[in-house]
Amino acid sequence: MTIDIKELKERAQGIRVLYVEDDKELRENTTRLLATFFPCIDTAGNGQEGLDKYNKSCYDLIITDINMPIMNGVKMAAHIKASNKKEIIIVISAHDEARYLLELINLGVDYFVLKPLDINKFLSALDKAVSLVHFYKMEADYKRALEETVEKRTQELSEALTIVQELSTEVVYRLTAAAELRDSDTGLHNKRLGLYAKRLAEKLDLPSAFVECIAFAAPLHDIGKIGIWDNILLKPGALDPEEYEVMKTHTTTGASILAQSKYEKIRMTESIALTHHERWDGSGYPNGLKEEEIPLEGRIVAICDQYDALRSKRPYKLAFSHFRAMEIITKGDNRTSPEYFDPQVLKAFIEIADEFDAIFNSNQD
């Protein structure tokens, strides 16, 4: 096959060559030949010197003799292929070195040229080697471009998810703000519920996905109060039995607003809206659920809601201190009993009660 010298020179540009040969005269002559094609050539006088240079730099093509002092070309090739299986190696061998060829082939050496050098055969090996170098470079460029694209898309997806999360959080705060407009005395009650519930879920060692969901969902626990008449919601005193029955419908109204969502956070919000007034002893509403019939998220928000309601001013009551709120929850009074709460949730709540007090004090209008 006739080699197009001009084309080979053009394709050889930018390719770095390491040529290893112990015969000084042959090394110099062959280097001059190689220099007509390759702009960057390093040389070494034996396999160890060649390996040292290889380890300190980056080469696209290795050309080596076999029999050399200190380390022969076979051992050098073995070390190079062990570190980079795709490194392209041309071996120049004498006829009496044929016993090494099978070992070199097994190592993955690409091309062989016999001594004395036949220029056409040598140029043919160089031409094939250069083509393989370009193929590997193209493959590496494609892989790098693919990785950069994947990284970019991953970053874009991450940013999009962040935007969605921020949007979801803002929607929650705006919905809770809308509910709070109906009842000015609640202040930052809904926001605090999200902080309490998140911390209590963490204390219970619940999965991070659950913690994230309940932090999102808890502030919307009373969204159903949007449907309660002002004369009941804002009544400056105790509700009569008929009014109380209407007030209780905020649980089912809230659940109906949020029903049939395909998103886990909204499904948990629905569950909390419906069950945060259920009681462990079965005396709650709207469905009189008992113990573990009540979803865990409802049990958590129930105690958080009770604590914050006790701490907050309402049309029918003054705000209680942290000490008094804890006393009521743990010992009971004429309206509240510790039997209303999941014992394990109550225990965790008591252990981090000081954190609830801090959350309440640092989240005021």
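Here's what I pulled together on the structure shown here. These numbers come from a predicted model, not from an experiment.

Here is what the cut-offs are and how they apply
- Residues numbered from 1 in each chain as written.
- Predicted model: local features only at pLDDT ≥ 70, side-chain atom pairs only at ≥ 80, totals over all residues.
- Heavy atoms only, no water.
- Buried < 20%, exposed > 50% of the residue type's maximum accessible area, 1.4 Å probe, protein only.
- Helix = DSSP H or I, 4+ residues; strand = E, 2+ residues; numbered from the N terminus.
- Pairing = 2+ DSSP bridges.
- Arc of directions from axis to C-beta.
- Contact = heavy atoms within 4.5 Å.
- Polar contact = N/O pair within 3.5 Å; in protein donor to acceptor, adjacent residues only side chain to side chain.
- Disulfide = S-S within 2.5 Å.
- Axes fitted to C-alpha atoms, helices over the stretch in contact; angles between N-to-C directions.
- Parallel < 35°, antiparallel > 145°, perpendicular 65-115°, else oblique.
- Left-handed = near helix turned anticlockwise from the far one by under 90°.
- Phe/Tyr/Trp six-rings, centres within 6.5 Å; stacked < 30°, edge-to-face > 60°.

## Thoughts on the pairing of strand E5 (residues 111-114)
Only one face of E5 is covered, namely the face carrying Tyr-111 and Val-113; the face carrying Phe-112 and Leu-114 is uncovered. In terms of strand pairing, strand E4 (residues 88-93) meets E5 through 4 bridges, oriented parallel. Along E5, the bridge assignment pairs Ile-90 with Tyr-111.

## Some remarks on helix H3 (residues 47-56)
For H3, the complete set of buried residues consists of Gly-47, Gly-50, Leu-51 and Tyr-54. The arc that holds the buried residues of H3, viewed along the axis, is 100°, so those residues lie on one side. Those residues of H3 that are buried are in contact with strand E1 (16-20), strand E2 (40-44), strand E3 (61-65) and helix H4 (73-83). Looking at where H3 begins, the residue whose side-chain oxygen comes 3.0 Å from the main-chain nitrogen of Gln-48 is Asn-46.

## Describing helix H1 (residues 5-12)
For H1, the complete set of buried residues consists of Leu-8, Arg-11 and Ala-12. For H1, the angular spread of the buried residues around the axis is 100°, confining them to a single face. H1 presents Lys-6 and Glu-10 as exposed residues on the side facing more than 90 degrees away from its buried surface. At the exit of H1 stands Gly-14, carrying a positive phi of roughly 85°.

## Focus: the state of the cysteines
One pass over the structure, following the stated rule, counts 0 disulfides. Between Cys-40, a cysteine without a disulfide, and Cys-58, which holds the nearest cysteine sulfur, the sulfur-to-sulfur distance is 10 Å.

## Points about the packing of helix H12 (residues 264-275) against helix H13 (residues 296-311)
Where H12 contacts H13, the two axes come as close as 8 Å, and the packing angle between them is 55°. If you check the angle between H12 and H13, you find them oblique. Crossing of H12 against H13: the hand is right-handed. When H12 is examined against H13, the residues Met-268, Ser-271, Ile-272 and Thr-275 are found in contact with a partner set consisting of Glu-297, Gly-298 and Val-301.

## Looking at the packing of aromatic side chains
For the structure shown, the criterion picks out 8 aromatic pairs. Their ring planes at 5° and their centres at 4.6 Å tell us that Tyr-196 and Phe-356 sit as a pair that is stacked. Linking Tyr-196 in helix H7 (residues 189-203) with Phe-356 in helix H16 (residues 353-362), this pair joins segments that are 160 residues apart in sequence. The pair formed by Tyr-196 and Phe-356 is uniform in burial state, with each residue classed as buried.

## Considering the sheet that holds E1
Taken together, 5 strands build an open sheet; the order of strands is E2-E1-E3-E4-E5 and the sheet is parallel. The open sheet has two edge strands with one neighbour each: E2 and E5. Adjacent strand axes in the sheet meet at a mean angle of 20°, parallel and antiparallel pairs treated alike. Note that E1 and E2 share 5 bridges and pair parallel. By the bridge assignment, Tyr-19 is partnered in E2 with Thr-43. Contacting E1, E2 and E3, helix H2 (residues 24-35) crosses the sheet at an angle of about 170° to E2.

## Here's the deal with the environment of Glu-243
Examined against the element boundaries, Glu-243 turns out to sit in helix H10 (residues 241-248). Spatially, the C-alpha atom of Glu-243 lies 9.9 Å from that of Ile-228, the residues being 15 residues apart in sequence. Ignoring anything within four residues of it in the chain, the contact list for Glu-243 reads Ile-232, Lys-235 and Ala-238.

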